[in-house]
Amino acid sequence: MSDPNKEFDGIRQADNPLPEWWKWVFLGCIIFAGFYAVYFHVFSDWGTSEYYAAQIQEFEKEFPNRNVAVESKDGSNPFRGNQDAINAGQKTFQTYCVACHGPTGEGLVGPNLMDKEWLHGNTDLELYETVMKGISIERAKLGRGPMPAHENSLGSEKVYQVLAWLASKNPELKSSK
């Protein structure tokens, strides 16, 4: 018969059972998990599609105008000259555009937006299309980097607000009218 208290490399192995309290805690956890799973999946409405739909309704009630699609029939910026939109555009610019265009719009990786030379057009319509669709590396000019498309990240309202802010700072930005 082999000795249950074997020794390997100076370490003695004892065949001690787990303490009784540990066994009861382990069994209690298994029983609790079973009851909790049944409660969660059968009796609780947390995580159900109805609960999710109620959360969506509550969110839309709290934030009714979060991604309004703004359209311009003639290509001009509908927010040009609107001081509230200009202020919102400045905040959006400081959040999303500053990394490439610098804090004042004078360019870093992206081009300078405050000078007289525009690489991809200087009308509201051309700039709106540029910001919404982005600039691929193949279309980048003068060694400037590509620009990501912002149609999904910002949407038309915020893009028009940023362009209104740019128009208030740079007289070279022309209206499309």
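Looking at an unreviewed UniProt entry, one finds the chain named Cytochrome C and attributed to Leptospira dzoumogneensis.

1. Quick notes on the overall build of the chain
Check the secondary structure of the chain and you find five helices and two strands. Mapped from its N terminus to its C terminus, the chain presents α and β elements in the order β-β-α-α-α-α-α. Here the chain has a C-alpha radius of gyration of 31 Å; the compact-globule value for 177 residues is 16 Å, and the former is much larger. In terms of principal-axis extent, the alpha carbons of the chain reach across some 95 × 50 × 25 Å. Within the span of the chain, comprising 177 residues, buried residues form 25% of the whole. Considering only intrachain contacts with a sequence separation of at least 6, the fraction spanning at least 24 residues in the chain is 55%. For the chain, the exposed area adds up to about 12900 Å²; of that, 57% sits on carbon and sulfur atoms. Computing the positive centroid from 17 side-chain charges and the negative centroid from 23, the chain places the two 7 Å apart.

2. Looking at the domain arrangement of the chain
The domain boundaries assigned to the chain delineate domain 1 (7–62) and domain 2 (83–169). Summarising the inter-unit geometry, the C-alpha centres of domain 1 and domain 2 are found 50 Å apart.

3. Some details on the UniProt feature "domain: Cytochrome c" (unreviewed entry) in the chain
Taking the UniProt record as the reference, the feature "domain: Cytochrome c" (unreviewed entry) is found at residues 84–170. For residues 84–170, helix accounts for 49% and strand for 0%, while the C-alpha atoms at its two ends are 18 Å apart.

4. Some words on helix α5 (residues 155–169)
Here α5 is 15 residues long and its end C-alpha atoms lie 22 Å apart, about the 21 Å a rise of 1.5 Å per residue gives. Of all 15 residues that make up α5, 11 are buried, and the element is covered over most of its length. Here α5 has its buried residues at Gly155, Ser156, Val159, Tyr160, Gln161, Val162, Leu163, Ala164, Trp165, Leu166 and Ala167. Here the buried face of α5 lies against α3 (83–101) and α4 (124–133).

5. With respect to the UniProt feature "transmembrane region" (unreviewed entry) in the chain
Mapped onto this numbering, the UniProt entry gives "transmembrane region" (unreviewed entry) at residues 21–42. For residues 21–42, the helix share is 100%, the strand share is 0%, and the end-to-end C-alpha distance is 31 Å.

6. Considering the packing of α4 against α5
Relative to each other, α4 and α5 sit at 130 degrees, their axes nearing to 10 Å. Overall, the two elements α4 and α5 adopt an arrangement that is oblique. Considering only the axes of α4 and α5, their crossing is right-handed. Listed contacts from α5 to Asp124, Leu127, Tyr128, Val131 and Met132 of α4 are Gly155, Ser156, Val159, Tyr160 and Leu163. In terms of residue class, the contact of α4 with α5 is built from seven nonpolar, two polar and one charged.

About the thresholds
Residues numbered from 1 in each chain as written. Predicted model: local features only at pLDDT ≥ 70, side-chain atom pairs only at ≥ 80, totals over all residues. Heavy atoms only, no water. Helix = DSSP H or I, 4+ residues; strand = E, 2+ residues; numbered from the N terminus. Rg over C-alpha atoms; globule rule 2.2 N^0.38 Å. Buried < 20%, exposed > 50% of the residue type's maximum accessible area, 1.4 Å probe, protein only. Contact = heavy atoms within 4.5 Å. Areas by Shrake-Rupley, 256 points an atom, 1.4 Å probe, with all protein chains shown as cover. Lys, Arg positive; Asp, Glu negative; His and termini not counted. Charge placed at Lys NZ, Arg CZ, Asp CG, Glu CD. Domains from an automatic or database assignment. UniProt positions renumbered as here; feature names shortened; annotations may be inferred. Expected span 1.5 Å × (residues − 1). Axes fitted to C-alpha atoms, helices over the stretch in contact; angles between N-to-C directions. Parallel < 35°, antiparallel > 145°, perpendicular 65-115°, else oblique. Left-handed = near helix turned anticlockwise from the far one by under 90°. Nonpolar A, V, L, I, M, F, W, Y, C, P; charged D, E, K, R; others polar.

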